[in-house]
Amino acid sequence: IGARSKSISDEVMRLMDLQKEPFICYSGIPDKYFDKDNSISFSRKDIDSYMFAGRLIKRKNVHSSMIALKSLYENEEFIFNIVGDGAEKDKLDQLSKELNISKSVSFLGYKKRDEVLEIMRKTEVFIMISDDETFGLVYIEAMSQGCIVIASKNGGMEDIIIDGYNGFLCNQGDEENLLKICQKIKNMTIHEKEIISKNAINTSKDFSDSNIARNYLNIVVNEGR
């Protein structure tokens, strides 16, 4: 039996009264997307750039990111690229106008995977503080491109991100908590950001397709003995 995150594994073990904890069955990303030549540098990323990638639905809390960034930058310039489409798109577009940040927010629509990762490579911070996020592969993709990732607490990334080391954890949909985290990142030096970025890249390598497949095989072979 496998589960998508440690929290789900614990719950399955409790509900099924298992004697042994289910293994964690993460997804992986293609090996080709990893920075093999160490070319990703934080100094080459767009300054004060943020992004989200995913379905534009309410539980993704994209509106919380917009409100937090408005509070952080007030009349300063920043970049917030929103990749994806969904039912909340029009509401989010209207919110950007109400907050007077429409010049800073870009709705890029659906993008192919290669295009998304190229945007990530140029972006400093990836934000997705969804409600009930079991495991978001997009977090790992962002980490592989050197983004400082802000993910939800009490979700699948809580076992992967060490707060302040290879990313940050935020209360789900909590605009004030997110604002404090973004303020902390904004106040960091390039060197401090680079350290977190490199730690994120190194963490993401454990989630390459080849490493994930190898882990699955080891579990299956050992269980079969």
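This text follows the structure it describes.
To start, this report covers the structure provided alongside it. (Residues numbered from 1 in each chain as written. Predicted model: local features only at pLDDT ≥ 70, side-chain atom pairs only at ≥ 80, totals over all residues. Heavy atoms only, no water.)

1. Brief notes about the overall build of the protein chain
Rule in force here: Labels follow the DSSP assignment, with helices taken as runs of H or I lasting at least four residues and strands as runs of E lasting at least two, numbered in each case from the N terminus. Within these notes, the globule rule equals 2.2 Å times the number of residues to the 0.38 power, and the radius of gyration is based on C-alpha atoms. Buried means the residue's accessible area, taken with a 1.4 Å probe over protein chains only, is under 20% of the maximum for its type, while exposed means over 50%, and partly exposed covers the values in between. Between two residues, a contact is recorded if the distance between any of their heavy atoms is within 4.5 Å. To measure how exposed things are, a 1.4 Å probe is used in the Shrake-Rupley method; for residues, cover is taken only from the protein chains shown. By the counting scheme adopted, Arg and Lys are positive, Glu and Asp are negative, and His together with the chain ends is not counted. A charged residue contributes its charge at one atom only: NZ of Lys, CZ of Arg, CG of Asp or CD of Glu.
Within the protein chain one finds eight helices and eight strands. In summary, the protein chain has a C-alpha radius of gyration of 18 Å against a globular reference of 17 Å for 225 residues, a match within 12%. Reported as C-alpha extents along the three principal axes, the dimensions of the protein chain are approximately 65 × 40 × 30 Å. Across the 225 residues of the protein chain, 48% fall into the buried class. Put simply, 66% of the contacts in the protein chain that link residues at least 6 apart link residues at least 24 apart. If you sum the accessible surface of the protein chain, you get close to 11500 Å²; carbon and sulfur atoms cover 48% of it. With 31 positive and 36 negative side-chain charges, the protein chain shows a separation of 3 Å between the mean positions of the two kinds.

2. Observations regarding helix 4 (residues 113–122)
Note the following rule: This arc describes the spread of directions from the helix axis toward the C-beta atoms.
Within helix 4, the full set of buried residues consists of V116, L117, I119 and M120. The buried side chains of helix 4 occupy one side of the element, clustering within an arc of 155° when seen end-on. Of the surrounding secondary structure, the elements contacted by the buried residues of helix 4 are strand 3 (49–53), strand 4 (79–83), strand 5 (105–109), strand 6 (125–128) and helix 5 (137–144).

3. Examining a nonpolar patch on the surface
Condition: Within this analysis, patches are made of residues with over 30% relative accessible area and no salt bridge. Like charges are joined at 9 Å or less; nonpolar side chains (Val, Leu, Ile, Met, Phe, Trp, Tyr) at 5 Å or less. Each salt bridge in this description consists of a side-chain nitrogen of Lys or Arg and a carboxyl oxygen of Asp or Glu lying within 4 Å of one another.
On the surface, I1, L15 and M16 cluster together into a nonpolar patch covering about 350 Å² of accessible area. In this structure, L15 sits in helix 1 (residues 6–15). Under the relative-accessibility criterion, L15 is labelled exposed at 59%.

4. Side note on the packing of aromatic side chains
Short version of the rule: Each Phe, Tyr or Trp ring, with Trp reduced to its six-membered ring, pairs with another whose centre is within 6.5 Å; inter-plane angles below 30 degrees give stacked pairs, above 60 give edge-to-face pairs, and intermediate values give tilted ones. Working rule: Lys NZ or Arg CZ, within 6 Å of ring centre, within 35 degrees of ring normal, means a charge sits over the ring.
Taken as a whole, this structure holds five aromatic pairs when the rule is applied. A centroid spacing of 5.9 Å and a plane angle of 80° characterise the contact between Y50 and Y73, whose relative ring orientation is edge-to-face. In this pair, Y50 is assigned in strand 3 and Y73 in helix 2 (residues 62–73), connecting sequence segments 23 residues apart. A relative accessible area of 1% means that Y73 is categorised as buried. Linked through ring pairs, Y50, Y73 and F78 together constitute an aromatic cluster. A cation over an aromatic ring shows up here: K45 above the ring of F42, its NZ or CZ 5.9 Å from the ring centre.

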